[in-house]
Amino acid sequence: MAALEWYAHKALGDGVFWIQERFYESGNRANIWLVRGSHQDLVIDTGLGLRSLPDYLCSAGLLPHGKDGGSGRRPLMAVATHVHFDHAGGLHQFEQVAVHRDEADALIRGDNFEAVTWLSDSEVVKPPSPGWSASQFKVQAVTPSHILEDGKHGGGLRILLRILPGDASPDSPGHLYSLYHLSHRSMESSLCYSS
């Protein structure tokens, strides 16, 4: 299955795109966001990573000059709100990765316990490849390029978002709280899939 088939997106305006894994049907399914910035584009959370998210962004025309760069192209960074499997599974697909310092070691180790990995075959309603099984899934180890700390800019990275009040209840040590609200905000009813 091609990346273009695995994901779907909706433009929300002002350079913000909501992306979702079409064939992962679970209450754990995280929202994925592409935010076009003034100096750098951000992908906030990466889903399971069963298909290449960077390939999708290029194929869908969301990164106009391709993932390898090109004239006028801004750098792309993936930011994990936390390292649970449904948010961090695709981080290995990006050259630039930012994560909170409290979860960096778990990401570097590929710690499946801290990634809270549980996935069933029934949640993936269309396998990404022949013979695929949920029991094979694991969040791949990644060495972050940027370590984020409370109240500090990570290597020049400054993320400014306006988030409406919500009731997120962070349950891992390094949650980026504002981004967490964004990653769990339900928009399911407003995205239409085309097949």
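Described in the following lines is the structure provided in the data block. (Residues numbered from 1 in each chain as written. Predicted model: local features only at pLDDT ≥ 70, side-chain atom pairs only at ≥ 80, totals over all residues. Heavy atoms only, no water.)

**A closer look at the overall build of the protein**
The condition is simple: Helix numbers and strand numbers start at the N terminus; a helix is a DSSP run of H or I with at least 4 residues, a strand a run of E with at least 2. Throughout, exposure labels follow a simple rule: accessible area from a 1.4 Å probe, protein chains only, divided by the maximum for the residue type, with under 20% read as buried, over 50% as exposed, and the rest as partly exposed. In this description, contact between two residues means that some pair of their heavy atoms is separated by no more than 4.5 Å.
In terms of helices and strands, the protein carries five helices and seven strands. Each helix and strand of the protein, ordered N terminal to C terminal, gives the series α-β-β-β-β-α-β-α-β-α-β-α. In the protein, which comprises 195 residues, the proportion classed as buried is 47%. Taking the contacts inside the protein whose residues are at least 6 apart along the sequence as the reference set, 64% of them involve residues at least 24 apart.

**Section: the nonpolar core**
Which entries qualify depends on this criterion: Here, nonpolar core refers to any group of buried Ala, Val, Leu, Ile, Met, Phe, Trp, Tyr and Cys residues whose side-chain atoms link them within 4.5 Å.
The biggest cluster of nonpolar side chains holds 38 residues, and the ones touching the most others in it are Ile19, Leu53, Leu57 and Leu119. Elements with a contribution of two residues or more to this core: α1 (3-6), β2 (16-21), β3 (32-36), α2 (53-59), β5 (76-79), α3 (85-88), β6 (96-100) and α4 (101-109). If we skip the residues at most four places from it in the chain, Ile19 touches Tyr7, Ala8, His9, Asn31, Ile32, Leu34, Leu53, Tyr56, Leu57 and Leu62.

**Notes on the pattern of salt bridges**
What counts, and what does not: We define a salt bridge as a contact between a side-chain nitrogen of Lys or Arg and a carboxyl oxygen of Asp or Glu at a distance within 4 Å.
With the rule as written, the count across this model stands at five salt bridges. The residue Glu5 makes a salt bridge to Lys126 at a minimum N-O spacing of 2.5 Å. You can see Glu5 sitting in helix α1 and its partner Lys126 sitting in the loop between α4 and β7 (146-148), a full 121 residues away along the chain. A salt bridge links Asp111 to Arg109, with the nearest nitrogen and oxygen atoms 2.9 Å apart. Classification of Arg109 as partly exposed rests on a relative accessible area of 48%. A single salt-bridge network, built from bridges that share partners, covers Arg109, Asp111 and Glu114.

**Observations concerning the pairing of strand β1 (residues 7-13)**
What counts is decided by this rule: One requirement defines pairing of two strands: DSSP has to find at least two bridges between them.
The pairing of β1 with β2 spans six bridges and is antiparallel. The residue bridging Gly13 from the neighbouring strand is Val16, located in β2. Taken together, β1 and the strand that follows it, β2, pair antiparallel across an intervening segment of two residues, in which Asp14 is found at a positive phi of about 55°.

**Quick word on the pairing of β5**
Residues in a regular strand point their side chains to alternate faces of the sheet. Covered by surrounding structure in β5 are Leu76 and Ala78 together with Met77 and Val79, the residues of both alternating faces. Bridge analysis of strand β4 (residues 41-44) against β5 gives four bridges, and the strand direction is parallel. Directly across from Val43, in β5, lies its bridge partner Ala78. Taken together, the three bridges between β5 and β6 define a ladder with parallel strand orientation. Across the sheet, Ala78 pairs through a bridge with Val97, a residue of β6.

**Quick notes on the side chain of Thr81**
Definition in use: Pairs of N or O atoms within 3.5 Å make up the polar contacts considered here, provided that, within protein, one atom can donate a hydrogen while the other can accept it, and that residues adjacent in sequence are counted only when both atoms are side-chain atoms.
Its place among the elements puts Thr81 in the loop between β5 and α3. Take Thr81: its relative accessible area is 0%, and that puts it in the buried class. Within the structure, Thr81 has its side chain in polar contact with the side chain of His82 (distance 2.8 Å).

**Some points on the sheet that holds β5**
Worth spelling out the cut-off: Axes here refer to lines fitted to C-alpha atoms; in helices the fit is confined to the stretch in contact. Angles between the N-to-C directions go from 0 to 180 degrees.
An order of β1-β2-β3-β4-β5-β6-β7 is seen for the seven strands of this open sheet, with the pairing classed as mixed. Pairing within the sheet leaves two strands with one partner each, and these edge strands are β1 and β7. On average, adjacent strands in this sheet sit at an angle of 20° to one another, irrespective of strand direction. Here four bridges tie β2 to β3, and the two strands are oriented antiparallel to one another.

**Concerning empty space enclosed by the protein**
Selection criterion: Cavities and pockets were defined on a 1 Å grid built from protein atoms only: a cavity is a group of points that admits a 1.4 Å probe but offers it no way out, a pocket is an open group of points flanked by protein on both sides within 12 Å along at least five of seven lines, and a lining residue is one with an atom within 4 Å of any such point. Grid points are joined across faces, edges and corners, and a volume is the space filled by probe spheres set on the points. Put simply, Ala, Val, Leu, Ile, Met, Phe, Trp, Tyr, Cys and Pro go in the nonpolar bin, Asp, Glu, Lys and Arg in the charged bin, and everything else, Gly too, in the polar bin.
Under the criterion given, the structure shown has one cavity of 30 Å³ or more. Of the pockets and cavities examined, the largest cavity occupies roughly 40 Å³. Contributing to the lining of the largest cavity are Val83, Ala106, Leu107, Gly110, Asp111, Ala115, Val139 and Gln140. Considering only residue class, the lining of the largest cavity consists of five nonpolar, two polar and one charged.

In short, the description is geometric, and any link to function would need to be established separately.
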